[in-house]
Amino acid sequence: MCGLAGIVRADPRAPVDEDSLVRMAGALRHRGPDGWGLALDPGAGLVATRLAIVDLPGGWQPMAGASGSLLAFNGEVFNHVELRAELAAAGVRARTTSDTEVLLHLLERHGFDVLGRLNGQWAIAYWEPGPRRLTLARDRFGVRPVHYHLAADGSLTFGSEARALFASGEVRAVPDHEGLDDALTLWAPQPPRTCFAGVAQVAPGSLVVWERGRIVRAERWWAPEGDPAAPEADLGALLADSVRLRLRADVPVGTYLSGGLDSSLTTALAQQTSDHPLQTFSIAFADARYDERSHQELVARELGTEHHVLEVGPREIADGFRDAVEHCEAPLIRTAPVPLMLLARTARAAGITVVATGEGADELFWGYDLFKEVALRTLQERDPQRAGELVDGLYAHLGGAGRRGAAWRRSLLAGGASGDPLGSHLGRIRATGAVRALLRPELQPPPEAVLDRLWAALPADFAERSPLERAEALEIDTLLGAHLLAAQGDRVAMASGVEGRYPFLDHRVAALARGLAPERKLAADLRDKVALRDLAARLLPAAVASRPKQPYRAPEVEPFFGAAAPEWVGEMLTPAAFEEAGLFHPDRTRPLLERARAGRARSPRDAMAVLAVLSTQVWHARLCRPRRHHGELTPPRVRIDRTTSTTEVAR
């Protein structure tokens, strides 16, 4: 796992400043704490910071190919062993045992048509000096990020994170109001948008090709498909193989254990496969509304793992919030990323730099209550009595707060009619988007702007899909890739140099899940993730295999207000601070903040609005103001300088 960055010029005679590249590498030091490398070509430069996981002595980057190409690669190709054997049979001799070299040989021989053969998670920067072509590509679900900026003179600046672009001195951090609108309504900017003007991100499953000063291609290389021919009986074997591949590393691999079905199943399969004592890591809360430690401890005890528990309270959330926002490079409307950032630090301190987690299962196997809402609205049209009987089973983790009486039931069953292609997500979008009313008038987008952008990005056949299939696609595209795999995955884990791996997002598992009969994901009685639960019943305690979904949540408003509130919160919310950021109107935010200070911002809508305002202020202060500090670097482990025809590799 690494960070990558670089600059390419349209004119090979236009130099790339080495100091700019060094600053870019320094800005990504957290992604690659084990060392870094540098490559210079006429009118081009690449850097890569490294978290050493596979082939510790030999996998240094950027890596040069026989054709003169250069590769900087952030991620893992889990099936590199099998692919290396194929290359060897074709007469290709490898110098290292790294997946980076396997990928380099494949790209040189087959180009980017080879991406479909890769089982992994990655962002790629591949430089071909002959045609002066740079290709940026991203894995199927967008686990690993890559950003870029095209300048007026045709220069392209790129990096794993936007901060690397700003560190180059060639790109300024300026708010992008459509990207911010996405973040305040859809929980994250939707690719290719970011929260920064002029900075784009490669979309999941896509590639961008720059050549001699122009972007000549920007397209998807992968589209999700189901495999109706794959029998459900293959699910256990496929998932076990996915876990096996994701334990491939030259360092120990642990797991995150929430106590829910998905992480517990991942942990059980990892324990069967691991060649070392498996370490598991869990978040606990003193507040019983969020705490799942009894379930975590049950699974750890039954499986015999070496278990670590991190208890997080309001103080830890408040102290870590600004760092989480900075690493996510976008406003946050939930505090959930903060404990996960702290858990990654705990794993790193225990000597674990790779963890397997359960992300993706709820989206692919319809585990969220959002899917149950869609099913109930469809049922309401033909059997309103049965729908009314089932509706109180939703949001059981909220207890009495989740049952708001007859009016709430009617509202839920009527909202987002099944005939509306975006109906499954309208309630969430409009509840979250209420914060837009607090923006300065000149910044307020048209009410339906975010929906128009969503519509424009949908595939042509979207409206013909079933309501549940539409809900799945929207959840994966708008939330999983854009928010969960970033704000609760890559960004907060890599802040401490920890790589997350996601067995449910193996493309083979995903294809099987999409090909399952709908009732094997969500039964008529609203039993969710049916096929997964049946599999888990053979591997886990019954109390876990049948346990209802409890979404991961963390304390939201209380960490930032009251007697124990940290001083920085007040500083972020003064009229002067609002004036400096120029985004929210102080008078419009005042009633909301008064409710928060009085302990009356208790509704989910108020909580999201408070966090949206606070995190946007932090985002602007941390990322849109000029900053000079970047991580300190040791001398590069590899240095390729074709402007002077030298190559140096440290041993």
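Refer to the preceding data block for the structure.
Structure report, in brief.

Conventions and cut-offs
- Residues numbered from 1 in each chain as written.
- Predicted model: local features only at pLDDT ≥ 70, side-chain atom pairs only at ≥ 80, totals over all residues.
- Heavy atoms only, no water.
- Helix = DSSP H or I, 4+ residues; strand = E, 2+ residues; numbered from the N terminus.
- Rg over C-alpha atoms; globule rule 2.2 N^0.38 Å.
- Buried < 20%, exposed > 50% of the residue type's maximum accessible area, 1.4 Å probe, protein only.
- Contact = heavy atoms within 4.5 Å.
- Areas by Shrake-Rupley, 256 points an atom, 1.4 Å probe, with all protein chains shown as cover.
- Lys, Arg positive; Asp, Glu negative; His and termini not counted.
- Charge placed at Lys NZ, Arg CZ, Asp CG, Glu CD.
- 1 Å grid on protein atoms, 1.4 Å probe; cavity = no way out; pocket = protein on both sides within 12 Å on 5 of 7 lines; lining within 4 Å.
- Points joined across faces, edges and corners; volume = space filled by probe spheres on them.
- Core = buried A, V, L, I, M, F, W, Y, C linked by side-chain atoms within 4.5 Å.
- Bend = angle between axes of the 7 residues up to and from the residue.

All right, on to the overall build of the protein then. Within the protein, the secondary structure is distributed over 24 helices and 19 strands. Here the C-alpha radius of gyration of the protein, 24 Å, is about what a compact globule of 651 residues would show, namely 26 Å. Burial statistics for the protein: of 651 residues in total, 59% are counted as buried. Looking at the protein alone, contacts between residues at least 24 apart form 72% of all its contacts between residues at least 6 apart. Counting every atom, the protein has about 24600 Å² of accessible surface; 52% of that belongs to carbon and sulfur. On the protein, the mean spot of the 77 positive side-chain charges and the mean spot of the 83 negative ones are 1 Å from each other.

With that settled, the discussion passes to the layout of surface pockets. Counted as a void, the second largest pocket has a volume near 1200 Å³. For the second largest pocket, the lining is made up of 48 residues, of which R220, P224, A457, P459 and D477 are closest to its centre. Secondary structure elements with two or more residues in the lining of the second largest pocket: strand 11 (206–211), strand 12 (214–220), helix 16 (449–457) and helix 17 (467–494). Broken down by element, the residue count for the lining of the second largest pocket peaks at nine residues, all from helix 17.

Attention now goes to the nonpolar core. Of all hydrophobic cores here, the largest spans 165 residues; its most connected members are I124 and F560. In this structure, L70, L156, V202 and W210 belong to the second largest nonpolar core, which totals 24 residues.

Along helix 17, the largest kink reaches about 55° and is centred on A486. The element helix 17 is largely enclosed, with a buried count of 24 among its 28 residues.

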